[in-house]
Amino acid sequence: MSSFFRLLAAYRPWALSILALPALLAGCRHEVVVVPAYDNYFPVDVGTYRTYAVADSNWVKGALTVSNYQFRERVTEQFADAAGQPAYRLVRSKRPNSAAGWVDDSASVVQPMARAVVVTRNNIRTVALIYPAQPNKGWNDMAFSASPDTITSLTRFYGPNVAAPYTVPAAQGQPAVTYPTTVTTKTTLDGVSTM
Amino acid sequence: MNALYQRGLQQVYASGTGLVQRRRFSHNTYYLLPDNSTKLTPGVVQDGYSRFEVLIDKGTI
């Protein structure tokens, strides 16, 4: 045992370095931020589509005219944007009814990020969702807009219920469907004002 | 009669599915309300435009 301490004394500088190595490594440790897996409220997979029953209602002096048709959004490709981030192209098609053929209508780009989902349509980038979803949490959906008077305002809000079930009504012959985990986004002040 | 204006966009997203419902009112959509009514019980829409979209199908092409 005594020979061990003599050896340690002989190599004291090296021994101290070895003993201090864990502390040095701890000091240099790189903090990695792990983003938890949130509910995916905006899945985008190439080759998938979603079809919507659409009802346009137009009132003129109290007279209502309703126009029914369908939209389909399909994810046609994934690509990298100018910053190298993954982006997905959504092509929207339109048809007057389920028996008619689809006609491409417009396109948009969706970028799912760790903390947000950004949608670009008509050259305008909007923040569709932020993560994590929280009740009544607000954000600026025009955060990427160059307009200085809107850059700081909260323009979208989650509703009071997050991860709550929601039933969409029956439409165009399709039954009502209940989804167990949903969020609702809305415009400021419920989009309602009185005059 | 009172008038109530409604505008804006409401969207419902379902986990693992995406957008399942979207309701949009134009800026000039307004209701005529009976006196003493509240905005929670809107009356008759006088002028305006709305679009209502509901997911009815999804899958793989």
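So, here's what we can say about the structure. These figures come from a predicted structure and were not determined experimentally. (Residues numbered from 1 in each chain as written. Chains lettered and ligands numbered in written order. Predicted model: local features only at pLDDT ≥ 70, side-chain atom pairs only at ≥ 80, totals over all residues. Heavy atoms only, no water.)

Description of the overall build of chain B
Helix and strand content of chain B: 0 helices and 3 strands. Listing each helix as α and each strand as β along chain B from the N terminus yields β-β-β. When burial is assessed residue by residue, chain B has 49% of its 61 residues classed as buried. Put simply, of all contacts in chain B between residues at least 6 apart along the chain, 43% involve residues at least 24 apart. (Helix = DSSP H or I, 4+ residues; strand = E, 2+ residues; numbered from the N terminus. Buried < 20%, exposed > 50% of the residue type's maximum accessible area, 1.4 Å probe, protein only. Contact = heavy atoms within 4.5 Å.)

A look at the interface of chain A and chain B
Tallying the contact residues gives 48 residues for chain A and 39 residues for chain B. Both sides of the chain A and chain B interface together cover about 3900 Å² of buried area, and 53% of this is carbon and sulfur. For the chain A face of the interface with chain B, the top three residues by lost area are A:Tyr49, A:Tyr52 and A:Trp59, together amounting to 17%. Inspection of the region where chain A meets chain B yields 1 salt bridge. Residue A:Asp56 pairs with B:Arg51 through a salt bridge whose shortest N-O separation is 2.9 Å. For the pair chain A and chain B, the interface holds 22 residue pairs in polar contact (both at pLDDT 80 or more). Note that strand 1 (residues 48-60) of chain A and strand 3 (residues 44-60) of chain B share 12 bridges and pair antiparallel. Along strand 3 of chain B, the bridge assignment pairs A:Thr48 with B:Thr60. (Buried area = accessible area lost by both parts, 1.4 Å probe. Salt bridge = Lys/Arg side-chain N within 4 Å of Asp/Glu carboxyl O. Polar contact = N/O pair within 3.5 Å; in protein donor to acceptor, adjacent residues only side chain to side chain. Pairing = 2+ DSSP bridges.)

Focus on the packing of aromatic side chains
In this structure the tally under the stated criterion is 4 aromatic pairs over all chains. Ring plane angle 35 degrees and centroid distance 5.8 Å describe the contact between A:Phe42 and B:Tyr13, whose orientation is recorded as tilted. With A:Phe42 in the loop between helix 2 (12-27) and strand 1 and B:Tyr13 in strand 1 (residues 2-14), this residue pair bridges two chains. The exposure class assigned to A:Phe42 is buried, which follows from its relative accessible area of 11%. Ring geometry for A:Tyr69 against A:Phe71: centres 5.3 Å apart, planes inclined by 85 degrees, an arrangement best described as edge-to-face. Considered together, A:Tyr69 and A:Phe71 belong to a single accessibility category, that of buried residues. Lying over the aromatic face of A:Phe71, A:Arg92 brings its terminal NZ or CZ to 3.9 Å of the ring centre. (Phe/Tyr/Trp six-rings, centres within 6.5 Å; stacked < 30°, edge-to-face > 60°. Lys NZ or Arg CZ within 6 Å of the ring centre and 35° of its normal.)

Remarks on the nonpolar core
Residues A:Phe42, A:Val44, A:Val110, A:Leu129, A:Tyr158, B:Tyr13 and B:Val20 are the most contacted members of the largest nonpolar core, which totals 36 residues. Not counting residues within four places of it along the chain, the set of residues in contact with A:Val44 comprises A:Val75, A:Tyr88, A:Leu90, A:Val110 and A:Pro112. (Core = buried A, V, L, I, M, F, W, Y, C linked by side-chain atoms within 4.5 Å.)

Considerations on the pairing of strand 3 (residues 86-95) of chain A
Residue and element names in this part refer to chain A. Among the 10 residues in strand 3, 7 count as buried, and that is most of the element. Pairing of strand 2 (residues 63-80) with strand 3, which is carried by 10 bridges, proceeds in the antiparallel orientation. Looking at the pairing, Gln70 lines up with Arg95 of strand 3. Hairpin connection of strand 2 to strand 3: 5 residues between the antiparallel strands, including Gly84 at a positive phi of 85 degrees. Bridge count between strand 3 and strand 4 (residues 103-112): 7 bridges; the pairing is antiparallel. The residue of strand 4 that forms the bridge with Lys94 is Val103.

Examining the side chain of B:Gln11
With respect to the helices and strands, B:Gln11 occurs in strand 1. We classify B:Gln11 as buried; its relative accessible area is 8%. Side-chain polar atoms of B:Gln11 contact the side chain of B:Tyr13, separated by 3.2 Å. Once residues within four sequence positions are removed from consideration, B:Gln11 is found in contact with A:Arg156, A:Val183, A:Thr184, A:Thr185, B:Leu19, B:Gln21 and B:Arg22.

So, the pattern of salt bridges
Residue and element names in this part refer to chain A. Summed over all chains, the structure comprises 5 salt bridges over all chains. Arg74 serves as the salt-bridge partner of Asp104, at 3.2 Å between the closest nitrogen and oxygen. Pair noted here: Asp104 is in strand 4 and Arg74 is in strand 2, with a separation of 30 residues, a long-range link. Glu77 is the salt-bridge partner of Arg89, the closest N and O atoms lying 2.8 Å from each other. Taken as a pair, Arg89 in strand 3 and Glu77 in strand 2 lie far apart in primary sequence, 12 residues in all.

Read these as spatial facts, not as claims about activity.
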